[in-house]
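Here are the chains, one letter per residue:
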Amino acid sequence: MTQIRNNYEKGANGVFNGTVGVVTALDPVEQRLTVRTDEDEEVPYDFDELDELAHAYAVTIHRSQGSEYPAVVIPVTMSAWMMLQRNLLYTAVTRARKLVVLVGSRRAIAQAVRTVSAGRRFTALAHRLTGETLV
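Structural notes, computed from the coordinates. (Residues numbered from 1 in each chain as written. Predicted model: local features only at pLDDT ≥ 70, side-chain atom pairs only at ≥ 80, totals over all residues. Heavy atoms only, no water.)

What follows concerns the environment of G66. Inspection of the secondary structure assignment puts G66 in the loop between α1 (61-64) and β6 (69-76). Each C-alpha atom, one on G66 and one on T91, is 9.4 Å from the other, the two residues being 25 residues apart in sequence. (Helix = DSSP H or I, 4+ residues; strand = E, 2+ residues; numbered from the N terminus.)

For the rest of this paragraph, the subject is a nonpolar patch on the surface. A cluster of nonpolar side chains, contributed by V73, L99, V101 and V103, occupies part of the molecular surface with about 330 Å² of accessible area. When residues in the nonpolar patch are grouped by element, the largest group, three residues, is from strand β7 (residues 96-104). Structurally, V101 is set in strand β7. V101 sits in the partly exposed class, given a relative accessible area of 32%. (Patch = residues over 30% accessible without salt bridge, like charges linked within 9 Å, V, L, I, M, F, W, Y side chains within 5 Å. Areas by Shrake-Rupley, 256 points an atom, 1.4 Å probe, with all protein chains shown as cover. Salt bridge = Lys/Arg side-chain N within 4 Å of Asp/Glu carboxyl O. Buried < 20%, exposed > 50% of the residue type's maximum accessible area, 1.4 Å probe, protein only.)

This part covers the packing of aromatic side chains. Where two aromatic rings form a pair, the distance of their centres and the angle of their planes describe that pair. Taken as a whole and assessed by the stated rule, the structure comprises one aromatic pair. Ring centres 5.6 Å apart and planes at 70° place the aromatic pair Y8 and F16 in the edge-to-face group. Accessibility expressed as a relative area gives 58% for Y8, which makes it exposed. Between the NZ or CZ atom of K10 and the centre of the ring of Y45, over which it lies, the distance is 4.9 Å. (Phe/Tyr/Trp six-rings, centres within 6.5 Å; stacked < 30°, edge-to-face > 60°. Lys NZ or Arg CZ within 6 Å of the ring centre and 35° of its normal.)

Glancing now at the pattern of salt bridges. Summed over all chains, the structure comprises six salt bridges. With its nearest N and O atoms 2.7 Å apart, the salt bridge here joins R36 to E42. The network of salt bridges with common partners includes R36, D40 and E42.

Once that is clear, we can look at the sheet that holds strand β2 (residues 21-27). Pairing within the open sheet is antiparallel, and its three strands lie in the order β2-β3-β4. The two strands at the open ends of the sheet, each matched to only one other strand, are β2 and β4 (42-46). Geometrically, the sheet is characterised by an average inter-axis angle of 25° between neighbouring strands, direction not taken into account. Here strand β3 (residues 32-37) pairs with β4 via five bridges, running antiparallel. Bridge pairing links T34 to P44 in β4. (Pairing = 2+ DSSP bridges. Axes fitted to C-alpha atoms, helices over the stretch in contact; angles between N-to-C directions.)

What follows concerns unusual backbone geometry. In this model, Q31 sits at a positive phi of 55°, which is unusual for a non-glycine residue. Note on placement: Q31 falls in the loop between β2 and β3. Look at Q31 and you get partly exposed, because its relative accessible area is 46%. Of note, D40 is a non-glycine position whose phi angle comes to about 65°, a positive value. Relative to the helices and strands, D40 resides in the loop between β3 and β4.

Before going further, it helps to spend a moment on the side chain of R95. Looking at the secondary structure, you find R95 in the loop between α2 (86-93) and β7. One buried charge, R95, has no salt-bridge partner; the nearest side chain with opposite charge is E68, at 6.5 Å. Once residues within four sequence positions are removed from consideration, R95 is found in contact with S64, Q65, G66, S67, E68, Y69 and V72. (Lys, Arg positive; Asp, Glu negative; His and termini not counted. Contact = heavy atoms within 4.5 Å.)

Further remarks concern α2. All of the buried residues along α2 are L89, T91 and A92. The buried residues of α2 all sit within an arc of 160° when viewed along its axis, so they share a single face. Buried residues belonging to α2 abut α1, β6, β7 and α3 (106-114). (Arc of directions from axis to C-beta.)

In structure tokens, the structure reads:
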């Protein structure tokens, strides 16, 4: 499971968006389950709090940022050609502690390695902060 929003009231020091854990107990009578987090803390959840949890058997690269996992399987296919960028592939690969498996085509992997994202965003933030208008 993964926590999908911060809850400062749960656990010893709060449970935060992106915290990953495993359900270790389920009590339908008390309507409660227990999650052991990746920090090895047992955190109880009442059934009415389950909207704070989501399955984590598969997560996006974006959601996985800042986390590590023992093994990571990364689909790399031409059907998602807009996502084939070096920085995204790097982020995905560096989430793994021990094992990375790339599933897809050599062509898609080569495309991802070759494509350096612009990295620069044109938000007009400086103009917005100064109140200038753009023509």
